[in-house]
Amino acid sequence: DGLRQGADDYIGKPFDPHELVARVDQLFELRRVTLEIERKSDELSAANKKIKEEEVKLIASEKLRTMGDLAAGIFHELHNYLNMIHNGAVPLKDLVGLIATNGATPDDVNETIELADLVLEAAAHAMTVTGELKGYAHTDAGLHRVVDLHGVLQSNLRMFGKIPGTLKVDMQLAEGNLPVSCAPTHLVQVFTNLMKNAFEAMDSNGTVTMTTRREGGDAVVWVADTGPGVAADFAERLFEPFQSTKKQGVGLGLGLSMAKKVIEEHGGSLSLDNVYTDGARFVVRLPIAKTAPDPQQRVGA
(Lines give C-alpha, C1' and ligand atoms only; values in the text may rest on other atoms or scores of the structure.)
Protein backbone atom coordinates (compact mmCIF):
# COMPACT_ATOMS: atom_id res chain seq x y z
CA ASP A 1 0.00 0.00 0.00
CA GLY A 2 2.82 2.38 0.88
CA LEU A 3 4.57 1.72 -2.43
CA ARG A 4 1.31 2.36 -4.30
CA GLN A 5 1.09 5.74 -2.55
CA GLY A 6 4.60 6.67 -3.69
CA ALA A 7 6.59 5.71 -0.57
CA ASP A 8 9.44 4.21 -2.54
CA ASP A 9 12.18 4.99 0.05
CA TYR A 10 11.76 2.54 2.95
CA ILE A 11 13.62 0.13 5.20
CA GLY A 12 12.31 -3.37 5.63
CA LYS A 13 12.25 -5.31 8.89
CA PRO A 14 14.41 -6.29 10.57
CA PHE A 15 16.38 -3.03 10.18
CA ASP A 16 19.76 -1.81 11.31
CA PRO A 17 19.45 1.28 13.63
CA HIS A 18 22.56 2.78 12.04
CA GLU A 19 20.99 2.47 8.58
CA LEU A 20 17.79 4.08 9.87
CA VAL A 21 19.69 7.07 11.34
CA ALA A 22 21.68 7.42 8.08
CA ARG A 23 18.49 7.36 6.03
CA VAL A 24 16.81 9.98 8.26
CA ASP A 25 19.89 12.20 8.11
CA GLN A 26 19.89 11.83 4.33
CA LEU A 27 16.23 12.85 4.10
CA PHE A 28 16.79 15.91 6.32
CA GLU A 29 19.74 16.91 4.12
CA LEU A 30 17.62 16.41 1.00
CA ARG A 31 14.93 18.63 2.51
CA ARG A 32 17.52 21.28 3.37
CA VAL A 33 18.93 21.22 -0.15
CA THR A 34 15.43 21.40 -1.64
CA LEU A 35 14.57 24.47 0.45
CA GLU A 36 17.89 26.07 -0.50
CA ILE A 37 17.18 25.47 -4.20
CA GLU A 38 13.72 27.02 -3.81
CA ARG A 39 15.25 30.05 -2.08
CA LYS A 40 17.89 30.46 -4.79
CA SER A 41 15.20 30.07 -7.44
CA ASP A 42 13.12 32.83 -5.84
CA GLU A 43 16.19 35.07 -5.66
CA LEU A 44 16.99 34.35 -9.32
CA SER A 45 13.40 35.14 -10.36
CA ALA A 46 13.53 38.42 -8.45
CA ALA A 47 16.90 39.27 -10.02
CA ASN A 48 15.59 38.47 -13.52
CA LYS A 49 12.55 40.67 -12.90
CA LYS A 50 14.79 43.53 -11.78
CA ILE A 51 17.03 43.06 -14.84
CA LYS A 52 13.96 43.23 -17.11
CA GLU A 53 12.78 46.40 -15.38
CA GLU A 54 16.23 47.99 -15.75
CA GLU A 55 16.34 46.91 -19.39
CA VAL A 56 13.04 48.69 -20.04
CA LYS A 57 14.42 51.83 -18.36
CA LEU A 58 17.63 51.68 -20.39
CA ILE A 59 15.72 51.22 -23.64
CA ALA A 60 13.52 54.20 -22.78
CA SER A 61 16.62 56.21 -21.90
CA GLU A 62 18.29 55.32 -25.20
CA LYS A 63 15.14 56.27 -27.11
CA LEU A 64 14.98 59.64 -25.33
CA ARG A 65 18.67 60.20 -26.06
CA THR A 66 18.08 59.49 -29.74
CA MET A 67 15.15 61.92 -29.76
CA GLY A 68 17.37 64.52 -28.13
CA ASP A 69 19.94 64.04 -30.88
CA LEU A 70 17.22 64.53 -33.48
CA ALA A 71 15.76 67.62 -31.84
CA ALA A 72 18.24 70.06 -33.41
CA GLY A 73 17.61 68.68 -36.89
CA ILE A 74 13.85 68.74 -36.41
CA PHE A 75 14.04 72.33 -35.14
CA HIS A 76 16.01 73.33 -38.23
CA GLU A 77 13.48 71.65 -40.50
CA LEU A 78 10.50 73.30 -38.79
CA HIS A 79 12.27 76.66 -38.77
CA ASN A 80 12.69 76.47 -42.55
CA TYR A 81 9.00 75.76 -43.08
CA LEU A 82 7.95 78.51 -40.66
CA ASN A 83 10.15 80.92 -42.59
CA MET A 84 8.37 79.88 -45.79
CA ILE A 85 4.99 80.46 -44.12
CA HIS A 86 6.09 83.87 -42.84
CA ASN A 87 7.63 84.89 -46.17
CA GLY A 88 4.42 83.92 -47.94
CA ALA A 89 1.92 85.24 -45.40
CA VAL A 90 3.31 88.80 -45.16
CA PRO A 91 3.08 89.65 -48.90
CA LEU A 92 -0.19 87.70 -49.07
CA LYS A 93 -1.65 89.98 -46.41
CA ASP A 94 -0.36 93.07 -48.24
CA LEU A 95 -1.76 91.80 -51.53
CA VAL A 96 -5.18 91.11 -50.03
CA GLY A 97 -5.22 94.65 -48.60
CA LEU A 98 -4.25 96.06 -52.00
CA ILE A 99 -7.01 94.08 -53.71
CA ALA A 100 -9.55 95.25 -51.13
CA THR A 101 -8.58 98.87 -51.79
CA ASN A 102 -8.05 98.96 -55.55
CA GLY A 103 -9.86 95.88 -56.80
CA ALA A 104 -8.34 92.69 -58.20
CA THR A 105 -6.57 92.29 -61.50
CA PRO A 106 -5.93 88.85 -63.04
CA ASP A 107 -2.25 89.15 -62.09
CA ASP A 108 -3.20 89.96 -58.49
CA VAL A 109 -5.47 86.92 -58.33
CA ASN A 110 -2.76 84.62 -59.72
CA GLU A 111 -0.15 85.99 -57.31
CA THR A 112 -2.54 85.55 -54.39
CA ILE A 113 -3.18 81.93 -55.33
CA GLU A 114 0.56 81.24 -55.68
CA LEU A 115 1.33 82.74 -52.28
CA ALA A 116 -1.55 80.83 -50.66
CA ASP A 117 -0.27 77.59 -52.21
CA LEU A 118 3.22 78.33 -50.85
CA VAL A 119 1.86 78.84 -47.34
CA LEU A 120 -0.29 75.70 -47.51
CA GLU A 121 2.61 73.59 -48.80
CA ALA A 122 4.96 74.79 -46.06
CA ALA A 123 2.28 74.18 -43.40
CA ALA A 124 1.68 70.65 -44.73
CA HIS A 125 5.43 69.88 -44.57
CA ALA A 126 5.62 71.23 -41.00
CA MET A 127 2.65 69.09 -39.98
CA THR A 128 4.36 66.05 -41.53
CA VAL A 129 7.48 66.61 -39.42
CA THR A 130 5.52 67.11 -36.18
CA GLY A 131 3.30 64.12 -37.01
CA GLU A 132 6.31 61.88 -37.49
CA LEU A 133 7.85 63.12 -34.25
CA LYS A 134 4.58 62.48 -32.41
CA GLY A 135 4.37 58.98 -33.88
CA TYR A 136 7.97 58.28 -32.92
CA ALA A 137 7.33 59.25 -29.29
CA HIS A 138 3.89 57.65 -28.95
CA THR A 139 3.72 54.76 -26.48
CA ASP A 140 1.26 52.85 -28.68
CA ALA A 141 3.34 53.22 -31.84
CA GLY A 142 4.45 49.56 -31.70
CA LEU A 143 1.41 48.36 -33.67
CA HIS A 144 2.39 46.63 -36.90
CA ARG A 145 0.98 47.60 -40.27
CA VAL A 146 2.09 47.22 -43.87
CA VAL A 147 4.00 50.25 -45.16
CA ASP A 148 6.44 51.00 -47.93
CA LEU A 149 9.98 50.63 -46.57
CA HIS A 150 11.05 53.53 -48.79
CA GLY A 151 8.62 55.75 -46.87
CA VAL A 152 10.27 54.70 -43.60
CA LEU A 153 13.70 55.65 -44.94
CA GLN A 154 12.46 59.00 -46.23
CA SER A 155 10.77 59.69 -42.91
CA ASN A 156 14.02 58.84 -41.18
CA LEU A 157 15.85 61.39 -43.33
CA ARG A 158 13.23 64.07 -42.63
CA MET A 159 13.55 63.43 -38.90
CA PHE A 160 17.25 64.20 -39.18
CA GLY A 161 16.60 67.58 -40.77
CA LYS A 162 19.90 69.37 -41.35
CA ILE A 163 22.78 66.98 -42.07
CA PRO A 164 25.80 67.94 -39.93
CA GLY A 165 28.90 69.57 -41.42
CA THR A 166 29.68 68.76 -45.03
CA LEU A 167 28.29 65.24 -44.75
CA LYS A 168 26.01 63.96 -47.49
CA VAL A 169 23.27 61.34 -47.78
CA ASP A 170 22.80 59.46 -51.05
CA MET A 171 19.50 57.56 -51.36
CA GLN A 172 19.58 54.84 -54.02
CA LEU A 173 16.09 53.37 -53.81
CA ALA A 174 14.88 50.46 -55.89
CA GLU A 175 11.99 51.02 -58.28
CA GLY A 176 8.51 50.47 -56.88
CA ASN A 177 7.39 49.79 -53.34
CA LEU A 178 9.00 47.49 -50.78
CA PRO A 179 6.03 46.56 -48.57
CA VAL A 180 6.94 45.34 -45.09
CA SER A 181 4.83 44.59 -42.04
CA CYS A 182 6.33 46.59 -39.21
CA ALA A 183 6.00 49.11 -36.42
CA PRO A 184 7.20 52.04 -38.57
CA THR A 185 8.48 54.21 -35.72
CA HIS A 186 10.59 51.31 -34.44
CA LEU A 187 12.23 51.00 -37.85
CA VAL A 188 12.78 54.77 -37.96
CA GLN A 189 14.67 54.38 -34.68
CA VAL A 190 16.82 51.61 -36.20
CA PHE A 191 17.79 53.59 -39.30
CA THR A 192 18.23 56.78 -37.28
CA ASN A 193 20.74 54.93 -35.11
CA LEU A 194 22.60 53.54 -38.14
CA MET A 195 22.77 56.96 -39.79
CA LYS A 196 23.86 58.69 -36.59
CA ASN A 197 26.64 56.16 -36.04
CA ALA A 198 27.79 56.66 -39.63
CA PHE A 199 27.85 60.45 -39.25
CA GLU A 200 29.85 60.22 -36.04
CA ALA A 201 32.31 57.74 -37.57
CA MET A 202 33.00 60.09 -40.50
CA ASP A 203 33.35 63.15 -38.25
CA SER A 204 32.53 66.11 -40.55
CA ASN A 205 33.19 64.88 -44.08
CA GLY A 206 31.89 61.89 -46.01
CA THR A 207 28.80 60.25 -47.50
CA VAL A 208 26.17 57.89 -46.14
CA THR A 209 24.63 55.78 -48.89
CA MET A 210 21.31 54.04 -48.32
CA THR A 211 20.59 51.44 -50.99
CA THR A 212 17.49 49.25 -51.25
CA ARG A 213 16.88 46.10 -53.24
CA ARG A 214 14.40 43.25 -53.42
CA GLU A 215 16.13 39.86 -53.05
CA GLY A 216 13.72 36.96 -53.33
CA GLY A 217 11.27 37.33 -50.47
CA ASP A 218 13.33 39.96 -48.65
CA ALA A 219 13.61 43.72 -48.72
CA VAL A 220 17.29 44.58 -48.25
CA VAL A 221 18.73 47.93 -47.13
CA TRP A 222 22.45 48.71 -47.15
CA VAL A 223 23.57 51.61 -44.95
CA ALA A 224 27.16 52.37 -45.91
CA ASP A 225 29.54 55.14 -44.88
CA THR A 226 32.97 56.30 -46.03
CA GLY A 227 34.46 56.31 -42.54
CA PRO A 228 37.30 54.23 -41.08
CA GLY A 229 35.20 51.06 -40.80
CA VAL A 230 34.97 48.67 -37.84
CA ALA A 231 38.12 47.10 -36.41
CA ALA A 232 38.21 43.31 -36.86
CA ASP A 233 38.74 42.65 -33.15
CA PHE A 234 35.66 44.73 -32.29
CA ALA A 235 33.37 43.48 -35.05
CA GLU A 236 32.52 40.28 -33.16
CA ARG A 237 31.27 42.29 -30.14
CA LEU A 238 29.59 45.01 -32.18
CA PHE A 239 26.00 44.01 -31.41
CA GLU A 240 26.53 43.18 -27.74
CA PRO A 241 24.96 45.56 -25.18
CA PHE A 242 27.18 48.33 -23.76
CA GLN A 243 29.80 47.90 -26.50
CA SER A 244 30.88 51.21 -28.00
CA THR A 245 33.86 52.83 -29.69
CA LYS A 246 32.69 56.29 -28.62
CA LYS A 247 34.20 58.31 -25.82
CA GLN A 248 33.10 57.49 -22.28
CA GLY A 249 29.86 59.22 -21.39
CA VAL A 250 28.72 59.48 -25.02
CA GLY A 251 25.80 57.08 -25.34
CA LEU A 252 25.12 53.81 -23.55
CA GLY A 253 26.39 51.42 -26.21
CA LEU A 254 22.86 50.06 -26.63
CA GLY A 255 21.98 51.46 -30.04
CA LEU A 256 23.14 48.58 -32.23
CA SER A 257 22.03 45.84 -29.83
CA MET A 258 18.56 47.44 -29.68
CA ALA A 259 18.49 47.86 -33.46
CA LYS A 260 19.35 44.18 -33.97
CA LYS A 261 16.68 43.13 -31.49
CA VAL A 262 14.03 45.27 -33.24
CA ILE A 263 14.88 43.89 -36.68
CA GLU A 264 14.85 40.30 -35.40
CA GLU A 265 11.46 40.93 -33.76
CA HIS A 266 10.27 41.90 -37.25
CA GLY A 267 11.46 38.53 -38.59
CA GLY A 268 14.56 39.98 -40.25
CA SER A 269 18.28 40.33 -39.60
CA LEU A 270 20.85 43.08 -39.06
CA SER A 271 24.51 42.40 -39.75
CA LEU A 272 27.81 44.06 -40.55
CA ASP A 273 29.13 43.44 -44.06
CA ASN A 274 32.59 42.06 -43.26
CA VAL A 275 33.78 42.14 -46.87
CA TYR A 276 33.06 45.85 -47.39
CA THR A 277 36.34 47.81 -47.31
CA ASP A 278 35.37 51.42 -48.14
CA GLY A 279 34.08 52.14 -44.62
CA ALA A 280 31.36 50.37 -42.67
CA ARG A 281 28.28 48.85 -44.26
CA PHE A 282 25.32 47.43 -42.37
CA VAL A 283 22.80 45.10 -44.02
CA VAL A 284 19.16 45.08 -42.93
CA ARG A 285 16.90 42.30 -44.21
CA LEU A 286 13.13 42.28 -43.72
CA PRO A 287 10.54 39.89 -45.14
CA ILE A 288 8.40 41.31 -47.93
CA ALA A 289 4.75 41.61 -46.88
CA LYS A 290 2.16 39.70 -48.88
CA THR A 291 -0.18 42.71 -49.03
CA ALA A 292 0.46 46.13 -50.54
CA PRO A 293 1.14 49.14 -48.31
CA ASP A 294 -1.84 51.33 -47.41
CA PRO A 295 -1.37 54.61 -49.31
CA GLN A 296 -3.45 56.42 -46.69
CA GLN A 297 -1.13 55.46 -43.82
CA ARG A 298 1.57 58.04 -43.18
CA VAL A 299 4.71 56.48 -41.66
CA GLY A 300 4.86 58.70 -38.59
CA ALA A 301 1.11 58.85 -37.98
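Owing to the predicted nature of the structure, the values given are computational and were not obtained by experimental measurement.

Draft legend 1. Representation of the overall build of the chain in the model. Scanning the chain from N- to C-terminus turns up six helices and seven strands. A buried classification covers 34% of the 301 residues belonging to the chain. Residue pairs in contact within the chain that sit at least 24 positions apart in sequence constitute 73% of those at least 6 positions apart. Here the chain has roughly 18400 Å² of accessible surface; of this, 56% comes from carbon and sulfur atoms.

Draft legend 2. Quick peek at a nonpolar patch on the surface. The grouping of Phe15, Leu20, Val24 and Phe28 at the surface amounts to a nonpolar patch, some 380 Å² of accessible area in total. Structurally, the position occupied by phenylalanine 28 is in helix H1 (residues 17-102).

Draft legend 3. Representation of the sheet that holds strand E5 (residues 218-225). The strand order E2-E4-E5-E7-E6 describes an open sheet built from five strands, whose pairing is mixed. The open sheet is flanked by strand E2 (168-172) and strand E6 (269-272), the only strands paired with a single partner. Recorded for the sheet is a direction-independent mean angle of 15° between the axes of neighbouring strands. Relative to strand E7 (residues 281-287), E5 runs antiparallel, the two sharing seven bridges. Pairing of aspartate 218 across the sheet is with proline 287, part of E7.

Draft legend 4. Representation of a negative patch on the surface. On the surface, a cluster of negative charge is contributed by Asp107, Glu111, Glu114, Asp117 and Glu121. Looking at the element boundaries, glutamate 114 is found in helix H2 (residues 106-137).

Draft legend 5. Structural view of helix H6 (residues 255-265). Buried within H6 are the following residues: Gly255, Leu256, Ser257, Met258, Ala259, Val262 and Ile263. Glycine 267 occupies a position one or two residues after H6 and carries a positive phi of about 80°.

Draft legend 6. Layout of the pattern of salt bridges. Applying the stated criterion across every chain, the model contains nine salt bridges. Between glutamate 29 and arginine 32 there is a salt bridge, with its nearest N and O atoms 2.7 Å apart. Here the residue glutamate 29 and the residue arginine 32 both occupy positions in helix H1, the gap between them amounting to three residues, near one helical turn. Judged by its relative accessible area of 39%, glutamate 29 is partly exposed. Bridged by salt links that share partners, the residues Glu36, Arg39 and Glu43 form one connected network.

Draft legend 7. Molecular detail of the packing of helix H3 (residues 149-160) against helix H4 (residues 184-202). Taken N-terminus to C-terminus, the directions of H3 and H4 make an angle of 55°; their axes are 9 Å apart at the nearest point. Judged by the angle between their axes, H3 and H4 are oblique. By crossing handedness, the relation of H3 to H4 is classed as right-handed. Touching Leu149, Val152, Leu153, Ser155, Asn156, Leu157, Met159 and Phe160 of H3 are Pro184, Leu187, Val188, Phe191, Thr192, Met195, Lys196 and Phe199, all from H4. Across the contact of H3 with H4, the residue classes tally to twelve nonpolar, three polar and one charged.

Draft legend 8. A look at the side chain of histidine 266. Positionally, histidine 266 belongs in the loop between H6 and E6. Polar side-chain contacts of histidine 266 include one of 3.1 Å to the backbone nitrogen of alanine 183.

Draft legend 9. Structural detail: the packing of H4 against H6. Their axes nearest at 9 Å, the elements H4 and H6 cross at an angle of 145°. Crossing angle aside, the handedness with which H4 passes H6 is left-handed. On the side of H4, the interface is formed by His186, Leu187, Gln189, Val190, Asn193, Leu194 and Asn197, while H6 contributes Gly255, Leu256, Met258, Ala259, Val262 and Ile263. Across the contact of H4 with H6, the residue classes tally to eight nonpolar, five polar and no charged.

Draft legend 10. Expanded view of the pairing of E6. Across the two faces of E6 the burial differs, with Leu270 and Leu272 buried and Ser269 and Ser271 not buried at all. Note: E6 against E7, four bridges, orientation antiparallel. When the sheet's bridge partners are listed, leucine 272 is paired in E7 with phenylalanine 282.

Draft legend 11. Spotlight on the environment of arginine 214. Along the polypeptide, arginine 214 turns up in strand E4 (residues 207-215). Separated by 71 residues in sequence, arginine 214 and arginine 285 have C-alpha atoms that sit 9.6 Å apart. Non-local contacts of arginine 214, meaning those with residues more than four positions away in its chain, are made with Asn177, Leu178, Pro179 and Ile288. Engagement of the side chain of arginine 214 in a polar contact is seen with the backbone oxygen of asparagine 177, the distance being 3.4 Å.

Draft legend 12. The environment of serine 269, seen in detail. Take serine 269: it is sitting in strand E6. Accessibility expressed as a relative area gives 31% for serine 269, which makes it partly exposed. Sequence spacing of serine 269 and arginine 285 is 16 residues, and the spatial spacing of their C-alpha atoms is 5.2 Å. Discounting residues that sit within four places of it in the chain, serine 269 has contacts with Ile263, Val283, Val284 and Arg285.

How each quantity is defined
Residues numbered from 1 in each chain as written. Predicted model: local features only at pLDDT ≥ 70, side-chain atom pairs only at ≥ 80, totals over all residues. Heavy atoms only, no water. Helix = DSSP H or I, 4+ residues; strand = E, 2+ residues; numbered from the N terminus. Buried < 20%, exposed > 50% of the residue type's maximum accessible area, 1.4 Å probe, protein only. Contact = heavy atoms within 4.5 Å. Areas by Shrake-Rupley, 256 points an atom, 1.4 Å probe, with all protein chains shown as cover. Patch = residues over 30% accessible without salt bridge, like charges linked within 9 Å, V, L, I, M, F, W, Y side chains within 5 Å. Salt bridge = Lys/Arg side-chain N within 4 Å of Asp/Glu carboxyl O. Pairing = 2+ DSSP bridges. Axes fitted to C-alpha atoms, helices over the stretch in contact; angles between N-to-C directions. Lys, Arg positive; Asp, Glu negative; His and termini not counted. Charge placed at Lys NZ, Arg CZ, Asp CG, Glu CD. Parallel < 35°, antiparallel > 145°, perpendicular 65-115°, else oblique. Left-handed = near helix turned anticlockwise from the far one by under 90°. Nonpolar A, V, L, I, M, F, W, Y, C, P; charged D, E, K, R; others polar. Polar contact = N/O pair within 3.5 Å; in protein donor to acceptor, adjacent residues only side chain to side chain.

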